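Fold and geometry: a report
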Amino acid sequence: MAERGSCIRLRPSWRNHVWAYDFVQGRTHDGRAFRVLTVIDEYTRECLAIEGDRHIRSDNGSEFTAIAVRAWLPRVGVKTLYIEPGSPWENGYNESFNGKLRDELLNGEIFYSMTEAKVLIEQWHRHYNTIRPHSSLGYRPPAPQTIAPHRGDPPSAAGRLRPTRRSTESLN
């Protein structure tokens, strides 16, 4: 049996096997606090959601919510993996993601409105998943953008594509 406070946890083995979630707080320029929910796929390191404009209503505080959520999760086929209270390192993937969100966006931007915050957070979210290199993934993004050949092109057309002078100049 594991000792209290130990970090024995299920390692993710495939996409959508283990998700982790947490809340991150930011502020607008006039001091209004806002919170966003982040959801991470621990296997792919992909950020599945950064949501801040949804509402969750609860009758009796966190105790009621925890009981209701615990009762609901098995009904939808989800097994829960709890971390030890006061042990954020046991939710390391999500804590690492939240730190990057804070360092790379929230601490460096001044949000003049909630709309601006939502737009910039969604832009960062797309960048994080499709462009930003991740050292744990061999410096590749978790969900890189792909470009499929145009349907009208013959299958060999993709092999004949060459960069134009204009596209190579924009890289320099």
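Here, the structure is the one placed above.
Along each chain, residues carry numbers from 1 onward, in the same order as the chain's sequence is written. Two thresholds apply to this predicted model, a pLDDT of at least 70 for residue-level local features and 80 or more for giving and counting side-chain atom pairs, whereas whole-chain, interface and lining totals are computed over all residues. Side-chain descriptors were evaluated using all non-hydrogen atoms of the structure, hydrogens and water having been removed beforehand.

1. A few points about the packing of helix H2 (residues 92-106) against helix H3 (residues 114-130)
Each pair of packed helices can be summarised by the angle the axes make with each other and by the distance between the axes. Angular values range over 0 to 180 degrees, each being the angle between N-to-C directions of two axes fitted as lines to C-alpha atoms, with helices fitted over their stretch in contact. Helical segments are the DSSP runs of H or I of at least four residues, strand segments are the runs of E of at least two, and each set is numbered from the N terminus. Contact geometry of H2 with H3 gives a least axis separation of 11 Å together with a crossing angle of 120 degrees. In terms of axis orientation, H2 runs oblique to H3. The element H2 and its partner H3 pack so that their crossing is right-handed. Note on element contacts: H3 touches H2 through Leu120, Ile121, Trp124 and Tyr128, opposite Phe97, Lys100, Leu101, Glu104, Leu105 and Leu106. In the scheme used here, Gly and all other residues not listed as nonpolar or charged are polar, with Ala, Val, Leu, Ile, Met, Phe, Trp, Tyr, Cys and Pro taken as nonpolar and Asp, Glu, Lys and Arg as charged. Of the residues belonging to the contact of H2 with H3, the class tally is 8 nonpolar, no polar and 2 charged. Angle categories: roughly parallel below 35 degrees, roughly antiparallel above 145, roughly perpendicular from 65 to 115, and oblique for all the rest. It is the rotation of the near helix from the far one that decides the hand of a crossing: anticlockwise by less than a right angle makes it left-handed, clockwise makes it right-handed. By the convention used here, residues are in contact when the closest approach between their heavy atoms is within 4.5 Å.

2. Things to note about the pattern of salt bridges
Side chains that carry opposite charge are capable of pairing whenever their charged atoms lie near each other. Salt bridges, as used here, are contacts in which a Lys or Arg side-chain nitrogen is within 4 Å of a carboxyl oxygen on Asp or Glu. In total, this model carries 4 salt bridges according to the counting rule given. Across the salt bridge formed by Arg15 and Glu46, the nearest N and O atoms sit 3.2 Å from each other. Of the two residues, Arg15 is situated in the segment before strand E1 (19-27) and Glu46 in the loop between strand E2 (33-41) and strand E3 (47-51); the sequence distance between them amounts to 31 residues. Since its relative accessible area comes to 16%, Glu46 is described here as buried. For Arg32, the salt bridge goes to Asp30, with nearest N and O atoms at 3.3 Å. The buried label goes to any residue with under 20% of its type's maximum accessible area, the exposed label to any with over 50%, and the partly exposed label to all in between, with areas taken from a 1.4 Å probe on protein chains only. Classification of Asp30 as partly exposed rests on a relative accessible area of 47%.

3. Concerning unusual backbone geometry
Phi at Asn16 is positive, roughly 65 degrees, even though this residue is not glycine. Considering the arrangement of structural elements, one finds Asn16 in the segment before E1. Overall, Asn16 belongs to the partly exposed group, its relative accessible area being 45%.

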